[in-house]
Every structure is written in structure tokens, then in C-alpha cells.
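# Coordinates in review
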Amino acid sequence: MCADRVIEITALDKSFGDFQVLTNVNLDVSLGERIVICGPSGSGKSTLIRCVNGLEQFDSGSISVDGISLSDPGGVDRVRAEVGMVFQQFNLFPHLTVLENLTLGPMKARGLSRADADAQAMQFLERVRIPEQAGKRPRELSGGQQQRVAIARSLCMKPKIMLFDEPTSALDPEMISEVLDVMVELAEEGMTMLVVTHEMGFARKVADRMVFMDGGEIVESGPPAAVFEAPKSKRFRDFLDKILQH
Amino acid sequence: MTRSIKVWVLLCGVLLVAGCSGSGGTWGWYVIDPSTDQGMNNIRFLIGGFWATILLSLIAAAMSMVLGLVVALPGMSSNRWVRLPSRVYIEFIRAIPLLPMLFWVFYGLPVVMRSLGMPITIDAFWGASITLAISDSAFTAEIYRAGIQSIPKGQTEASRTVGLSYTQTMRYGVLPQAIRRILPPLANQFIYIVKMSAFASVIGMQELTRRANELVVTEYRPLEIYTLLILEYLVLVLIISFFVRWLERKMGADESR
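Given the structure is predicted, the values throughout are model-derived calculations rather than measurements. (Residues numbered from 1 in each chain as written. Chains lettered and ligands numbered in written order. Predicted model: local features only at pLDDT ≥ 70, side-chain atom pairs only at ≥ 80, totals over all residues. Heavy atoms only, no water.)

This part covers the sheet that holds strand 10 (residues 217–222) of chain A. All names here are of chain A. Spatial ordering of the open sheet is given by 6-7-8-3-9-10, a layout of six strands whose pairing is mixed. What marks the edges here is a single partner per strand, and that holds for strand 6 (83–86) and strand 10. Going across the sheet, the axis of each strand differs from the next one's by a mean of 20°, ignoring polarity. In this sheet, strand 8 (residues 192–196) lies alongside strand 7 (residues 161–165) in parallel orientation, the contact comprising five bridges. Residue pairing in the sheet places Phe164 in a bridge with Val195 of strand 8. (Pairing = 2+ DSSP bridges. Helix = DSSP H or I, 4+ residues; strand = E, 2+ residues; numbered from the N terminus. Axes fitted to C-alpha atoms, helices over the stretch in contact; angles between N-to-C directions.)

Below you can see the structure in the form of C-alpha cells.
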């Protein structure tokens, strides 16, 4: 095992009933690496990153994160402690205030005092530029603000790796950039990131590696400049044509 | 709701007047006429059952709510072997009529326990409480399940990704949201318990129905006494409805704050 390799996915297979969602997926991620995964809907890209923190179980193959195998007893919980996740639908807790959303994990799972958790939460809210919303409920916020709260909530757990599952797909167009800006900053600070997105501008700007998936397989991967200039497979070319048309 | 109360009050008034004025008729309200000593004594005796009915209902409902949750949670597991006992319990308990179950618990359970070397005595109060709780818990469990499953899966996933355990996820993430949806059907169940508590009379518990029965036997005025009995339950249920509506408003306000 290479020392700075934080995620190792080997020969991963998964199916929902008869439908094979992932077929022999292999992917290694180094510390600090930013990977953008794209592909048509149903290509298995969300399922793949959901496997990384154990939200989905896989049928065969292996995943290890920071040297911890997900198949080990208690492995899932230890991996989740290292991995943050941001969802398409934000999944904030509607019955809690923004601040309480951020402090729930640190207080209950990490045993931080309320004062410490509050202080840390405010620090991250400032980082995503919405400290003034701390006392509000999620529903009072715009979609872009909610997604930034969700990012801050993940960061409060001090993860080594961040997973983003189509973080801007549920947002109105004018709010996409405020979320992407926060993600770009996070990338610049050296966070290891796996991002499922169709935002090709973001991919060009921050990705070290683009991964294109189709039909449950990784069809192509490489540095964005190279794969955008000269996509090797027809499937990737067709996909790029479709999403770059407008 | 206020309108239905008015209708009932009017109806009772008419019955009362008709009953008291008709000397040789079919009504004999004298039996519970508060202006006479005998009538007042009878009313006191009947109303004296309120406390037992309320206490029995509250304890049965509390036990049923805990038991229902204990049954419901494994029922939502993705593992079918964890799910199975919950399913069997619900199907089995739901199929047993309350009265036979009450007889079984009151007369049979002490025998079973004694044969197992754990001699216990079950009085009428606890016999009725346990039976009502068990019988109701199958329904409570289904209510919990529906409520919890109505909370989007993303809430559980988000809780797990911020490091919460299963218990913490339920306690802080899912149940506080589910409780608002569960409350109205749970209140229905409570009203059901209050009414079913009347069965406790057959094993001799001194609650509303038992007292009415006893008075009927000595006074031979079933119509008047049972009319009052029905009104007693009506008042009890209306008070509960009122309280639940207040609670719902309060929680609703809390959610939209």
C-alpha cells in the first residue's frame, strides 16, 4: 500500500436485484487528490461514492479508507469518522437550527462540550459565509445557503475526505456558484475530494483527475485537460457533446 | 367541536326533563337526581370510577407506547431475521380479541408464572393494564413504523455520516420529526384504550363501567345509569381530544418557528 493512498477501491461489484450497478470498479485516491466523477444518470457514480462511506453495501471487491477496510467489523463506523458527505438534497435536520445542525455530530458522536461545539460551528459557518443564519431553521434559507450549511456540518466532523453527491443539482442556477466557490476553496486548502457533478467548469478548475462512468464501469479517467481535449471513447465524447452543448 | 357539545347538552337536557317529568313513564331520573341524598350518593359512586379509568388508561397507554417502539424498531431492519419476531408479534397480538386476552392474563398468567417458579399475583388493575398495553402495542408499533418510515431516508443517512450511532440517529434525528406525524394516530389509540378499559369491569376492577353495573343491580334503573355512563366516557374523550389538539398546535408552531 502506498503511504499517501487514502482510498483504495478494488474490483468492486454491486447489483440491485438483477440490475448490475457497478462492474469491476477500481479506483485509488491519493491524499489531497481531487477527483470529479461524471457520467449519464444511472451510470453508478452516486452508488460508487455512497459505497465509500458504507451508505450502500457492495457484493464483492473491497474498499479501504485510510487503511481501514469497510469489510472489517466496525470498519464502517471508523471509516465514517474520516469521511464527510454532502448530498444533492442537503438533508439538513429541519427540526434543528442551523447551529444545532452543525453541533449535533460533534457533541453526540465526539463528546465536545456545547461551548466548544458552538465555537467550532461558528468558525465553519463563517468559512461558508453565513454566520448570521446560525439561529434560523433550514427552511428559512435558500437552497444555496442550505447546501453551504450542509458542507459546514460535514466539516465540523474534521473529515480527511469529503464526498459530494451532485451537490449543485438541486439548486437554482443563480445559487450554484456560491456553493462551487466554497468547494473550490476547500480544494485549495488541500482537502481530498470525490465529487460527482456535471459542472465541467468546476472539474477543469480543481480536478486532478476526471473519471467518466457509464453502465456501472469506469470508462475513462485522466487529468481534465487531457480527457476534455481528446476523449478516447465514443461514449465519453457523446456525453461531453450532450452536456457541453448549452 | 363546540357545536357538537351544544347538541349533546341539548339532547341531555331534553332527556332529563322528559325523564323527571314523566312520573309513570319509562324514565326514572330520580336514581341520579342530585337534589336528593340518594341520587347524590349514587352520582358520587358512579363518578368515583373516573380516577380508576383514567389511571388504568394512562398506565396502559404509557406501557403500550414503550412496548410499541421496542416492537417497531426491529421491524424496520433490513435483516429479515431481525424483522421477523416483530412481524410475528404484531400479527399474533392483533388477532387476539381483548376480552379473551384479558381472561388469559388475569386467570392464566399467574398459573404459567407459578409453574415457571415465579409466583406472582395479578390484581384486577394490573391484569387490565397489562392486557390493554399488550393488545394496543401491536397497533402502536404499526403507527410508529408508518411515522418513522415517512421521514426521508436522507435524514438517517445524514445522521450516520455525521457520526451518530443508530440509537442517536433515532433519538436526535428521526424520532423528533416522526413524533409530529405520529401524534394524531397515537391520540386516536389513546381514546381507544380509554373506551376498551371498560372491559376491566368483567374482572372486577372498580372503574366507571363496573360501578355503573353494580348500581344497576341494586337500583334496577339501567337506562338512566348507562346513559350517565356514556356521558362520562364522552366527557373524558372530549377532554382528551381537546388536549391533543392543543398539543398539536403547540408542536406545529414549534416546527414553523
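And the narrative resumes.
With that settled, the discussion passes to the interface of chain A and chain B. With 22 residues of chain A at the interface, the matching set in chain B holds 20 residues. Buried surface at the junction of chain A and chain B, summed over both partners, amounts to about 1,800 Å²; 55% is from carbon and sulfur atoms. The largest contributions to the chain A side of the interface with chain B come from His95(A), Lys108(A) and Arg137(A), which together make up 28% of the buried area. At the surface where chain A touches chain B, the tally comes to one salt bridge. In this structure, the salt-bridge partner of Glu157(B) is Arg50(A), at a minimum N-O distance of 2.6 Å. Counting every contact that joins chain A to chain B gives five residue pairs in polar contact (both at pLDDT 80 or more). At the level of elements, helix 2 (75–80), strand 6 and helix 3 (98–108) of chain A are the ones that each hand at least two residues to the side of chain A that touches chain B. With three residues, helix 3 of chain A is the single largest residue contributor to the side of chain A that touches chain B. Residue composition of the side of chain A that touches chain B, by class: ten nonpolar, four polar and eight charged. (Contact = heavy atoms within 4.5 Å. Buried area = accessible area lost by both parts, 1.4 Å probe. Salt bridge = Lys/Arg side-chain N within 4 Å of Asp/Glu carboxyl O. Polar contact = N/O pair within 3.5 Å; in protein donor to acceptor, adjacent residues only side chain to side chain. Nonpolar A, V, L, I, M, F, W, Y, C, P; charged D, E, K, R; others polar.)

Residue and element names in this part refer to chain A. Counting through the fold element by element, Val219 comes out in strand 10. The spacing of Val219 and Ser233 is 14 residues in sequence and 7.6 Å in space, taken between C-alpha atoms. Those residues within four positions of Val219 in sequence are excluded, and the remaining contacts are Phe212, Met213, Asp214, Ser233 and Arg235.

A separate point is the packing of helix 6 (residues 124–149) of chain B against helix 8 (residues 166–196) of chain B. Residue and element names in this part refer to chain B. Packing of helix 6 against helix 8 leaves a shortest axis separation of 8 Å and a crossing angle of 140°. Seen from above, helix 6 lies across helix 8 with right-handed handedness. Of the residues in helix 8, those touching helix 6 at Leu132, Asp136, Phe139, Thr140, Ile143, Tyr144, Gly147 and Ile148 are Met170, Val174, Leu175, Ala178, Ile182, Pro185, Leu186, Gln189, Tyr192, Ile193 and Met196. Grouping the amino acids of the contact of helix 6 with helix 8 by side-chain chemistry returns 15 nonpolar, three polar and one charged. (Left-handed = near helix turned anticlockwise from the far one by under 90°.)

The next thing to look at is the nonpolar core. Of all hydrophobic cores here, the largest spans 47 residues; its most connected members are Ile151(A), Met162(A), Phe164(A), Met183(A), Met193(A) and Phe202(A). Looking at which element gives the most residues to this core, the answer is helix 6 (residues 173–188) of chain A, with eight residues. Those residues within four positions of Met183(A) in sequence are excluded, and the remaining contacts are Ile151(A), Phe164(A), Pro167(A), Met193(A), Val195(A) and Phe202(A). The next biggest cluster of nonpolar side chains, apart from the first, holds 42 residues, and it includes Trp29(B), Ile43(B), Leu56(B) and Phe106(B). (Core = buried A, V, L, I, M, F, W, Y, C linked by side-chain atoms within 4.5 Å. Buried < 20%, exposed > 50% of the residue type's maximum accessible area, 1.4 Å probe, protein only.)

Residues and elements named next belong to chain A. One pass over the full model with this rule turns up three cavities of 30 Å³ or more. Estimated volume of the largest cavity: approximately 50 Å³. In terms of lining, the largest cavity is formed by Arg127, Val128, Leu155, Val182, Glu185, Leu186 and Glu189. Take the lining of the largest cavity: its biggest share by element is three residues, from helix 6. (1 Å grid on protein atoms, 1.4 Å probe; cavity = no way out; pocket = protein on both sides within 12 Å on 5 of 7 lines; lining within 4 Å. Points joined across faces, edges and corners; volume = space filled by probe spheres on them.)

Excluding glycine, residues mostly have negative phi values, and the peptide bonds linking residues are mostly trans. Residues and elements named next belong to chain A. Backbone geometry at Asn24 places phi at a positive 45°, although glycine is not the residue there. Within the secondary structure, Asn24 sits in strand 2 (residues 19–30). Here Asn24 falls in the partly exposed class, since its relative accessible area comes to 48%.

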